[in-house]
Amino acid sequence: MPIVLTPGDPAGIGPEITLAALALRPVKTPVVCIGARLPLERLGARVHPIEDLSRVRGSRAREIFLIAAPSPTLRRSKTAADGFQAGWSIERAARLVLAGEARALVTGPIDKAKLNAGGYRFPGHTEMLASLCAGRSKKSLPVTMMLANDQLRVSLVTTHLPLGEVPRRLRSADIIRAAAHTIESLRLDQGIRRPRVAVCG
C-alpha cells in the first residue's frame, strides 16, 4: 500500500523538497505525489501521471507517480489558484488514507493565506485534516499537533495564533487535552510504556 505525499504550495519550496526527499528515500513503500504537475516538471522530474492508486500496487519504490491537481479556472488569481491546488491535494490525499487505499500521508509546506484564497477556510493543515476526519458529522475533533524527531517530541497546546492572542485563548482544558493526547501517542504509536511529559510555560 502506497504513501501519499502532497508537495504543498506549487510556488513554494515544497516541490523542490519533495523531489530531493524522493531521490534519497530509503523506504521500500511506493510513494504517490498528489499536487500540481507543472512545478515538478519545471524541476526536471519524470513523473508517471495516474488517476488513482490501483496502478502503483507492486510498483518499485523509486518510481514517482503523480495524481495531478486540476488546473484552476483562468478567472482565479495566481494566489487563489495555488491555494486551490494545495487544498485540493490535501483533501484528495486525506480521503485516500481514510478510505484505506493509502498507508499514510506526508504533507509539504503550504501558504495559509493562499489556501484561504483558494476556497479552503482553514488556518493550516491541522485544522483541515481534523475537519476531513470528522466526516459528515462536521463536529470539531479535539486534535493536537506534535513535532517530533529521534530525540525530542513537542506537542502544541495552541496552533496558528499570534503570540499576543495566546493568553486570551489558552484554557486549562487545552493543556490537559494536549498532555493526554501526547501520552496516548507516546504509548500507542511510539511504544514508550512510561512517557514523561514536561509542560513549558
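These numbers were taken from a predicted model, which means no experiment stands behind them. (Residues numbered from 1 in each chain as written. Predicted model: local features only at pLDDT ≥ 70, side-chain atom pairs only at ≥ 80, totals over all residues. Heavy atoms only, no water.)

Caption draft 1: View of the layout of surface pockets. Its boundaries defined by the atoms lining it, the largest pocket holds a volume of some 660 Å³. Lining the largest pocket are 21 residues, and of these Val154, Ser155, Ala198, Val199 and Cys200 lie nearest its centre. Those elements giving two or more residues to the lining of the largest pocket turn out to be β7 (153–156) and α7 (172–188). In terms of residue count, the dominant contributor to the lining of the largest pocket is α7 (five residues). Residues that form the lining of the largest pocket fall into these classes: 14 nonpolar, five polar and two charged. (1 Å grid on protein atoms, 1.4 Å probe; cavity = no way out; pocket = protein on both sides within 12 Å on 5 of 7 lines; lining within 4 Å. Points joined across faces, edges and corners; volume = space filled by probe spheres on them. Helix = DSSP H or I, 4+ residues; strand = E, 2+ residues; numbered from the N terminus. Nonpolar A, V, L, I, M, F, W, Y, C, P; charged D, E, K, R; others polar.)

Caption draft 2: Structural view of the environment of Leu98. Residue placement: Leu98 occurs in helix α3 (residues 78–98). When its relative accessible area of 49% is taken as the criterion, Leu98 is described as partly exposed. Separated by 35 residues in sequence, Leu98 and Cys133 place their C-alpha atoms 7.5 Å apart. (Buried < 20%, exposed > 50% of the residue type's maximum accessible area, 1.4 Å probe, protein only.)

Caption draft 3: Structural detail: unusual backbone geometry. We note that His160 has phi near 55°; this positive angle belongs to a residue other than glycine. Within the fold, His160 resides in the loop between β7 and α6 (166–169).

Caption draft 4: Here's a closer look at the nonpolar core. Grouped together as the largest cluster of nonpolar side chains are 22 residues, with contacts concentrated most on Val4, Val32, Ile34, Leu53, Ile67, Trp88 and Leu96. A total of seven residues in this core trace back to one element, the largest contributor, which is α3. Apart from residues lying up to four places away in sequence, Trp88 is in contact with Ile34, Ile67, Ala68, Ala69, Pro70 and Tyr120. Counting residues in each nonpolar core, the second largest holds eleven residues, with Leu22, Cys33, Leu40 and Leu66 among its members. (Core = buried A, V, L, I, M, F, W, Y, C linked by side-chain atoms within 4.5 Å. Contact = heavy atoms within 4.5 Å.)

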